[in-house]
Every structure is written in structure tokens, then in C-alpha cells.
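Remarks on the overall topology
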Amino acid sequence: MASILVVEDDEDVRPLICAMLVKAGHTVRQAGNGVEGIKLYRESPADLVITDVVMPEKEGLGMIVELRRINPKVRIIAMSGGFAYDPKLYLHMATSLGADRVLRKPFQFHDLMEAMNAVLPAPPPAPAP
């Protein structure tokens, strides 16, 4: 399964996303803002970064740009419920800056799994007995 870094400032949302991903068999680390997220990614790169767009200290948009500088091949899913503006604007900017997929909050877990399946390589087939 994949190693995933979840970067989300909402203390109610982040644990839910992480718990669902762990239950699905993934290795998950988490950060509460973009500064922490970049630090964790530099320490141990993940296969996939799932990041909120609007956060304190370092927004997801800046994080996407920095992640692309660190590793142009990292897979990124950006999510936003908006803030002062329409979330579509933030998600469009996230795509323009390099997010592979975007999700508008609130979303269902199957929407996240669908986005992950679209951006992550398929696992190798099990060896024949």
C-alpha cells in the first residue's frame, strides 16, 4: 500500500481522513500546516500528499509549489472547502500549480479513494502460487 502524508489544519477532519486511510491499509503521517508538512516530507518522502489548501503558516498552494521543487514526481491531492472565496477558485489554482487531483470539501471517502486510485500507480500483481 501507499505511504501518505495528510496535511490538514482542521483538528476534526484530519484524524478522520487518517483513520480511514489506515483502515484501508496505508501508512499515514499527518501535519497540521504546510510548514510541518514540508518538514515531514523532507524527513521521509511519501508516495502521496493530501493537503488542504487554506491553512495557517503555509497554505497548501505554497506547499504544492515547494513539493514540486523537492520532487517533481510526488503525487498531490488538494482539498478545499473554501474560506472567503469560492472553493473552486482555490482548487483551480491548486491544479494550476501542480496538484494531480482536487477534492471539494466536504467529500465522501469513496471520492478520496477514487482520486487516490487515479494518481497512484497500480500495485504489482500478486505472485502466482
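Residues numbered from 1 in each chain as written. Predicted model: local features only at pLDDT ≥ 70, side-chain atom pairs only at ≥ 80, totals over all residues. Heavy atoms only, no water.

**A look at the packing of helix α2 (residues 34–43) against helix α3 (residues 60–70)**
- Contact geometry for α2 and α3: axes closest at 10 Å, N-to-C directions at 15 degrees. By the angle class used here, α2 and α3 are roughly parallel. Once α2 is placed against α3, the crossing between them reads as right-handed. Contacts between α2 and α3 involve G34, G37, I38, Y41 and R42 from the former and M63, E66, L67 and I70 from the latter.
- Its residues placed into classes, the contact of α2 with α3 shows five nonpolar, two polar and two charged. (Axes fitted to C-alpha atoms, helices over the stretch in contact; angles between N-to-C directions. Helix = DSSP H or I, 4+ residues; strand = E, 2+ residues; numbered from the N terminus. Parallel < 35°, antiparallel > 145°, perpendicular 65-115°, else oblique. Left-handed = near helix turned anticlockwise from the far one by under 90°. Contact = heavy atoms within 4.5 Å. Nonpolar A, V, L, I, M, F, W, Y, C, P; charged D, E, K, R; others polar.)

**Describing the packing of helix α1 (residues 13–23) against helix α5 (residues 109–119)**
- Relative orientation of the contacting elements α1 and α5 amounts to 60 degrees, with a least axis distance of 11 Å. Here α5 runs oblique to α1, going by the angle between their axes. Seen from above, α1 lies across α5 with right-handed handedness. Facing α1, whose interface residues are I17, M20 and L21, α5 presents F109, L112 and M116.
- Partitioned by chemical class, the residues of the contact of α1 with α5 number six nonpolar, no polar and no charged.

**Considering the layout of surface pockets**
- Of the voids in this model, the second largest pocket is the one considered here, and its volume is about 170 Å³.
- Surrounding the second largest pocket, V13, L16, I17, M20, K105, P106, F107, Q108 and F109 form its lining.
- Here the element with the most residues in the lining of the second largest pocket is α1; it accounts for four residues.
- A per-class count over the lining of the second largest pocket returns seven nonpolar, one polar and one charged. (1 Å grid on protein atoms, 1.4 Å probe; cavity = no way out; pocket = protein on both sides within 12 Å on 5 of 7 lines; lining within 4 Å. Points joined across faces, edges and corners; volume = space filled by probe spheres on them.)

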